[in-house]
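As a plain string of letters, each chain reads:
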Amino acid sequence: MTSHEYRFTQRDVVRLVGGPLLAVALFAAAMQGLAWLGWLPRPWPALDMDRVVLLHQAEASRSGAAADLVLLGDSSCLMNVDAVRLGQRLGIEVLNLGTLSYVDLETQGRLLATFAATHPGQPRAAVLLLHPHRLRLRPVDRYHTEVLQRHLEGRDRSDDLTGSGRLGRWLGLDSWRERVLSRVLPWPLQGAYRVKYGFTHDLWHYLEANRGSAVDPNRYEARATAGSAGYRLAPGLEAESRAFRALVPEGTVLWAGVTPVPADEVGVASASVARPTGDAARTGPGGATASEAGAGMGKELLYGWSEWLKPVEPLAGLPFVLPSDWFASSTHLNDAGRERYTDLLADELRGRLRDGVSSVPSGRSDPRGPRR
Amino acid sequence: MDSLAELLTALGFRADLPTLRLVLPVGISFYTFQTLSYTLDVYRRQIVATRDLGAFLAYVSFFPQLVAGPIERASALLPQFLQPRVITRSHLEEGVWLVLWGLFKKVVVADNLAPLVEMAFDQPAPSGPLVVLGTVAFGFQIYADFSGYSDLARGLARVLGFELRWNFRLPYGAGNVREFWRRWHISLSTWLRDYLYISLGGNRRGPARTRVNLLLTMVLGGLWHGAAWHFVVWGLWHALGLLGHRIWESARPGRTALAVPEDHGAGWKPAPQSLHQTAAQAMHQAAPQAAYRTSWVAWLLTISFVFYGWLLFRAPSLGHAWVMTKALGDWNSPVWLGSYGVSLVAFTTPLVAMQVWQARRGDLLVALTLPGWAKALLQGALLVGVLLFWEKGATSFIYFQF
């Protein structure tokens, strides 16, 4: 028995399928043509949290408000320091250009150089803050680094950037998504960031209002480790650090610091970690402070890195280990922790700024600095 | 599955999820309904038992509608396996359109509304505006998701020469709760009517028993979605709505309750009939008294009632549904509410526009009446939309879990 009886021709099928495919081809041609002619808006791939932060920091470096002090670094710089609060504590303008994704140090240096080029005479000082994971693993995210570079350089066409593959590029979907949709349509963020910031556009406004700083809304779940964690510098960091140093503008003083880790993750029992506030962080009663608990590990890391980076001075007084309940994740402090850490950073910088950054020699001082 | 595991655990049984998944594979409730209806129809002598095992197995496991319906009656689908299928150009055209529109509804509308819904329903302390917008988002998400699947099933079946029933007929255009249930998940609501409500006695045993039957049917319909109190309350909510509507109708002299529409499932037409014809019939059956003369007040009341039901349905628990209900009195809003609104409007507009067009023209396949070039442009636009959002990673169909 015949199962099917066909009452159509091949021409019918071609017309049926060909019509929509032709329409898609026309769309692709239009997008490619408009992009080629430069009639489409510039790429603005602010479609997720990483890229919103990158684009915001790139724009802030080019057209943002003036700043005496610029903060640079990985997500621990972005999330652990409140630029507005730090500015209030120090009585100067502070701008945070930290990124969420792991961008290489040379590109971070370009961010600083771009800021200096568009803000003559600024910044007086820059602080580079990296997390020990970044120093140890050097996990550079090539895609996000490329996004930032492209935006800083004003490059229009994307070559190897999108993850959607060749089809998406040929069909003009990338152009539509990154040049048009991302500008007009807010995209919801993921996880706890979605609850805190909502959408890409709202995160942008938050970063603007907070001079480039953000806060991690997650809740830290302590993961006790047996024994002490070891931190060693990734050899590949040397070239990156030197490239960054070469991009620091003349007249800008560079300080460098290592951001803290939770006590639970370096084998330091939370109970034994004192809670530093202000100067107590450095000289607490009995000397039992969080900074001191991990001081050896942190300072070794910082001084080793400083050999390559050549900052004017490493910020050796910053605590390396903090109580786990200050944290939102392994690398980020929570809101309360961030406030306290910002105050600690302010204490660390106040003396140096009071001495006058202009009086700090622009040459390279002993990277090990004064031992505390 | 999770509900069953929780229920078994609560009853003291050890619930092993991987084993349960083997015992209860995806879509089991849909083909259980389908085989039950066959058995009951044979028992009631409404159909003659088939002696063709192959056709019967094909009827039970027909892949386009296997996992999430529409729940087909043996009287409609089984005969289609027993005779040659005729596939015409219009069948292909209708099938392609339904597949594209179904994919668009799923990938572009439902999957982009999903994070908005999570934002509202996962908030431990939501505010009133967020509850309202989140509930609207869920109402459109579940509709786009489920009707998208149904369209895909119909479209795929159509290009293979089969005809499945319409499962949705513009449900959010309904002017009362009863009409809503004639338009929403029609294959389930008619199944519950024919095999549960009528088996319980229907409306043949007096008003009090009719109300009890209705209540039981709707509560069991709610329970079918999961062993959780909020599903029970959702069923109860709709039962109360239907009872309220009955009382309202009976209190208005000269008005009689609408007759139960005869779906095409009651008598399958031979294949050469165009879907277009059945679409027009479907529209007429959905609202025989000129559906779109519904007053705005009646529509607003109905849509508010239905959407509050969605709040009960989607809330993670009954307690959270109560928290969200109380939040309706708190009109503080998160700073990102504006973005939420923009996103909601952007992703619901294509769906609403199509519904309005379908309603105004009284044709579920109105897009096929466009000139060839316009039809190609529209289909191309749908395809671009699907490709644009495809890579974001589609989420599973909501009704796969039921």
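As the structure is a computational prediction, the values presented were derived from the model and not from experiment.

### Some details on the packing of helix H7 (residues 128-159) of chain B against helix H13 (residues 296-314) of chain B
Residue and element names in this part refer to chain B. Two numbers describe how H7 lies on H13: the axes approach to 9 Å, and their chain directions differ by 85°. The angle between the axes of H7 and H13 places the two elements in the roughly perpendicular class. Across the interface between the two elements, Val131, Thr135, Val136, Phe138, Gly139, Phe140 and Ile142 from H7 touch Phe307, Trp310, Leu311, Phe313 and Arg314 from H13. Of the residues contributing to the contact of H7 with H13, the split by class is nine nonpolar, two polar and one charged.

### Some words on the pattern of salt bridges
On inspection of all chains with the given rule, the structure shows 30 salt bridges over all chains. Of the charged contacts, one joins Asp12(A) and Arg89(B) as a salt bridge, the two residues approaching to 3.0 Å between their closest N and O atoms. Taken together, the residues Asp12(A) in helix H1 (residues 10-37) and Arg89(B) in helix H6 (residues 89-121) connect one chain to another. In this structure, Glu238(A) engages Arg242(A) in a salt bridge whose closest nitrogen and oxygen atoms are separated by 2.7 Å. Here Arg242(A) and Glu238(A) lie together in helix H12 (residues 237-247), a separation of four residues that amounts to about one turn.

### Description of the side chain of Ser61(A)
Residue position: Ser61(A) is located in helix H2 (residues 49-63). For Ser61(A), the residues in contact, after removing those within four places along its chain, are Leu97(A), Leu111(A), Thr114(A), Phe115(A), Thr118(A), His119(A) and Leu152(A).

### Quick look at the packing of aromatic side chains
According to the stated counting rule, one finds 47 aromatic pairs over all chains in the structure shown. Ring centres 4.9 Å apart and planes at 50° place the aromatic pair Tyr172(B) and Phe307(B) in the tilted group. Of this pair, Tyr172(B) sits in the loop between H7 and helix H8 (177-183) while Phe307(B) sits in helix H13, and the two are 135 residues apart along the sequence. Each member of the pair, Tyr172(B) together with Phe307(B), is buried. The lysine or arginine in question, Arg340(A), covers the ring of Trp326(A), its NZ or CZ lying 4.2 Å from the ring centre.

### A word on the confidence of the model for chain A
All names here are of chain A. Of the residues in chain A, 82% reach a pLDDT of 70 or more, and the chain-wide mean stands at 82. Between residues 269-288, whose pLDDT stays under 50, and residues either more than four places distant or in other chains, the model counts 36 contacts. Low pLDDT (under 50) marks residues 358-372, which in the prediction has 25 contacts with non-local residues, meaning those over four places away or in another chain.

### Section: the interface of chain B and chain A
Interfaces are often sized by the amount of accessible area the parts lose when they come together. Taken together, the contact between chain B and chain A spans 37 residues of the former and 37 residues of the latter. A combined buried area of about 3100 Å² lies between chain B and chain A, and 71% of that area is made up of carbon and sulfur atoms. Together, Ile87(B), Arg89(B) and Leu388(B) form the three largest contributors to the area buried by chain B at its contact with chain A, with a combined 18%. The interface formed by chain B and chain A holds two salt bridges in total. At the boundary of chain B and chain A, one finds ten residue pairs in polar contact (both at pLDDT 80 or more). Listing elements by their share of the side of chain B that touches chain A, those giving two or more residues are strand E1 (85-88), H6, helix H15 (337-361) and helix H16 (372-390) of chain B.

### Some thoughts on a positive patch on the surface
Residue and element names in this part refer to chain B. Taken together, the side chains of Arg44, Arg204, Arg205 and Arg209 present a region of like positive charge at the surface. Mapped onto the fold, arginine 205 is located in the loop between helix H9 (186-197) and helix H10 (206-224). The exposure class of arginine 205 is exposed, given its relative accessible area of 52%.

Rules used in this analysis
Residues numbered from 1 in each chain as written. Chains lettered and ligands numbered in written order. Predicted model: local features only at pLDDT ≥ 70, side-chain atom pairs only at ≥ 80, totals over all residues. Heavy atoms only, no water. Axes fitted to C-alpha atoms, helices over the stretch in contact; angles between N-to-C directions. Helix = DSSP H or I, 4+ residues; strand = E, 2+ residues; numbered from the N terminus. Parallel < 35°, antiparallel > 145°, perpendicular 65-115°, else oblique. Contact = heavy atoms within 4.5 Å. Nonpolar A, V, L, I, M, F, W, Y, C, P; charged D, E, K, R; others polar. Salt bridge = Lys/Arg side-chain N within 4 Å of Asp/Glu carboxyl O. Phe/Tyr/Trp six-rings, centres within 6.5 Å; stacked < 30°, edge-to-face > 60°. Buried < 20%, exposed > 50% of the residue type's maximum accessible area, 1.4 Å probe, protein only. Lys NZ or Arg CZ within 6 Å of the ring centre and 35° of its normal. pLDDT = per-residue confidence, 0-100. Buried area = accessible area lost by both parts, 1.4 Å probe. Polar contact = N/O pair within 3.5 Å; in protein donor to acceptor, adjacent residues only side chain to side chain. Patch = residues over 30% accessible without salt bridge, like charges linked within 9 Å, V, L, I, M, F, W, Y side chains within 5 Å. Areas by Shrake-Rupley, 256 points an atom, 1.4 Å probe, with all protein chains shown as cover. Lys, Arg positive; Asp, Glu negative; His and termini not counted. Charge placed at Lys NZ, Arg CZ, Asp CG, Glu CD.

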